[in-house]
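Results of the structural survey
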Amino acid sequence: MDFAFAAKVFAALFAIMNPIANLPIFLSLTSGMSEGEQRRTAILVLATVAVGCFVSAVAGQAILGFFGLDVNHFRLAGGLIVLLIALSMLHGEDSATHGGSGAEKATFASASNVAFYPLGIPILMGPGTISALIVYADTAQHTGDYAALAIGILAFLALLGTTLIAGPFIGRVLSSTVMTVTKRLMGMVLAAIAMEMLVASLRALFPGLT
């Protein structure tokens, strides 16, 4: 098994979904709940993300094929989306791609089920996450590293679940400075991942570049 590939999948999901940086949003949207209700919401968020990851990794390429799209074109588009998210993080801003527009954010607090919307979709399972999963699933298909892909995803889901369930405690311990530094650090990691996606797609689309 390619542990380097598993680590890459884990790092990509961590950088895009960034549980530490998104924890304040979770705590804000669940502030009126008891600790038991917060834990139940955290479990529902985890379930939503887990299903989203499974569908994206397993059925993503089939969906692209249905629309007649090539994975290399999608890798190029996904790389651009991920790069835009990374640039927003580097500037200390929330990407509208995952965080929602101003008008959408105004509806977050009144959502009937915050675990599904907006926490599960689009804050965590947004276009950047879906793009990365489809691209890595395609890589796993060509290399046979399905186990590495699964381990990378499962390791991240374990971390996400732990972070959300322990959210009230972590929120009291971590300072806003740590969360800000984490966001910028993950922005750098995400920018590198985006460039890798872009270069790989350009090489596949234009073989003369290699």
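Residue indices begin from 1 for each chain and proceed along its sequence in written order. Local features in this predicted model are restricted to residues of pLDDT 70 or higher, and side-chain atom pairs are both shown and tallied only at a pLDDT of 80 or more, whereas totals for entire chains, interfaces and linings draw on every residue. As a rule here, side-chain values come from all non-hydrogen atoms in the structure, and water together with hydrogens is ignored.

**Some points on the packing of helix α3 (residues 35-66) against helix α9 (residues 146-165)**
We count it as follows: Lines fitted to C-alpha atoms define the axes, with helix axes restricted to the stretch in contact, and inter-axis angles between N-to-C directions lie between 0 and 180 degrees. Think of it this way: any DSSP run of H or I at least four residues long counts as a helix, any run of E at least two long counts as a strand, and we number them from the N terminus. Put simply, angles under 35 degrees are roughly parallel, angles over 145 are roughly antiparallel, angles from 65 to 115 are roughly perpendicular, and the rest are oblique. By convention the crossing between two helices is left-handed if the near helix lies anticlockwise of the far one by an angle smaller than a right angle, and right-handed if it lies clockwise. The contact definition used throughout considers only heavy atoms, calling two residues in contact when any of these lie within 4.5 Å. For this classification, Asp, Glu, Lys and Arg are treated as charged, while Ala, Val, Leu, Ile, Met, Phe, Trp, Tyr, Cys and Pro are nonpolar and the rest, including Gly, are polar.
Where α3 meets α9, the axes come as close as 9 Å, and the angle between the chain directions of the two elements is 160 degrees. As summarised for this structure, α3 and α9 are arranged roughly antiparallel, according to the angle between their axes. Crossing angle aside, the handedness with which α3 passes α9 is right-handed. Residues Arg39, Ala42, Ile43, Val45, Leu46, Val49, Ala50, Cys53 and Ala57 of α3 form the contact with α9, whose own contacting residues are Ile153, Leu157, Leu160, Gly161, Leu164 and Ile165. Of the residues belonging to the contact of α3 with α9, the class tally is 13 nonpolar, one polar and one charged.

**Quick word on the environment of Gly100**
Looking at the secondary structure, you find Gly100 in the loop between α5 (96-99) and α6 (102-108). Residues Gly100 and Ile123 lie 23 residues apart in sequence; the distance between their C-alpha atoms is 7.4 Å. In this view, Gly100 contacts Ser95, Lys105 and Phe108; residues no more than four positions away in its chain are not counted.

**Considering the confidence of the model for the protein chain**
Keep in mind that low pLDDT regions are not for reading the predicted coordinates in detail. Cut-off, in case you're wondering: Looking at any residue, its pLDDT shows the predictor's confidence there, from 0 to 100.
Per-residue confidence for the protein chain gives a mean pLDDT of 89; residues scoring 70 or more make up 99%. The lowest-confidence element of the protein chain is α6, averaging 78 in pLDDT; the highest-confidence one is α9, averaging 97.

**Things to note about the nonpolar core**
Note the cut-off: Residues grouped as a nonpolar core are buried Ala, Val, Leu, Ile, Met, Phe, Trp, Tyr and Cys residues, joined through side-chain atoms within 4.5 Å. Exposure categories follow from relative accessible area, calculated using a 1.4 Å probe and restricted to protein chains: below 20% of the type maximum is buried, above 50% is exposed, and the middle band is partly exposed.
Within the largest apolar cluster, 53 residues are counted, with the highest numbers of intra-cluster contacts made by Val49, Tyr136, Leu149, Ile153 and Leu190. Residue assignment for this core shows that the elements contributing at least two residues are α1 (3-17), α2 (19-29), α3, α4 (71-90), α7 (115-124), α8 (127-143), α9 and α11 (176-205). Broken down by element, the residue count for this core peaks at nine residues, all from α1. Ignoring anything within four residues of it in the chain, the contact list for Leu149 reads Phe5, Val9, Tyr136, Ala137 and Ala140.

**Remarks on a nonpolar patch on the surface**
Rule in force here: The patches described consist of residues with a relative accessible area above 30% and no salt bridge, like charges being joined within 9 Å and nonpolar side chains (Val, Leu, Ile, Met, Phe, Trp, Tyr) within 5 Å. To be clear on the numbers: accessible area is Shrake-Rupley with a 1.4 Å probe, and residue cover counts the displayed protein chains and nothing else. Salt bridges, as used here, are contacts in which a Lys or Arg side-chain nitrogen is within 4 Å of a carboxyl oxygen on Asp or Glu.
On the surface, a cluster of nonpolar side chains totalling about 400 Å² of accessible area is made up of Val51, Phe54, Val55 and Val58. Along the polypeptide, Phe54 turns up in helix α3.

**A closer look at the packing of aromatic side chains**
Rule in force here: Between the rings of Phe, Tyr and Trp (Trp by its six-membered ring), a pair exists once the centres lie within 6.5 Å; its type follows the angle of the planes, with under 30 degrees stacked, over 60 edge-to-face, and the other angles tilted.
What the rule picks out here adds up to four aromatic pairs. Ring plane angle 65 degrees and centroid distance 6.4 Å describe the contact between Phe10 and Phe156, whose orientation is recorded as edge-to-face. Of this pair, Phe10 sits in helix α1 while Phe156 sits in helix α9, and the two are 146 residues apart along the sequence. On the numbers, 5.3 Å between centres and 85 degrees between planes, the contact of Phe66 with Phe67 is edge-to-face. Here Phe66 matches Phe67 in class, with each residue exposed.

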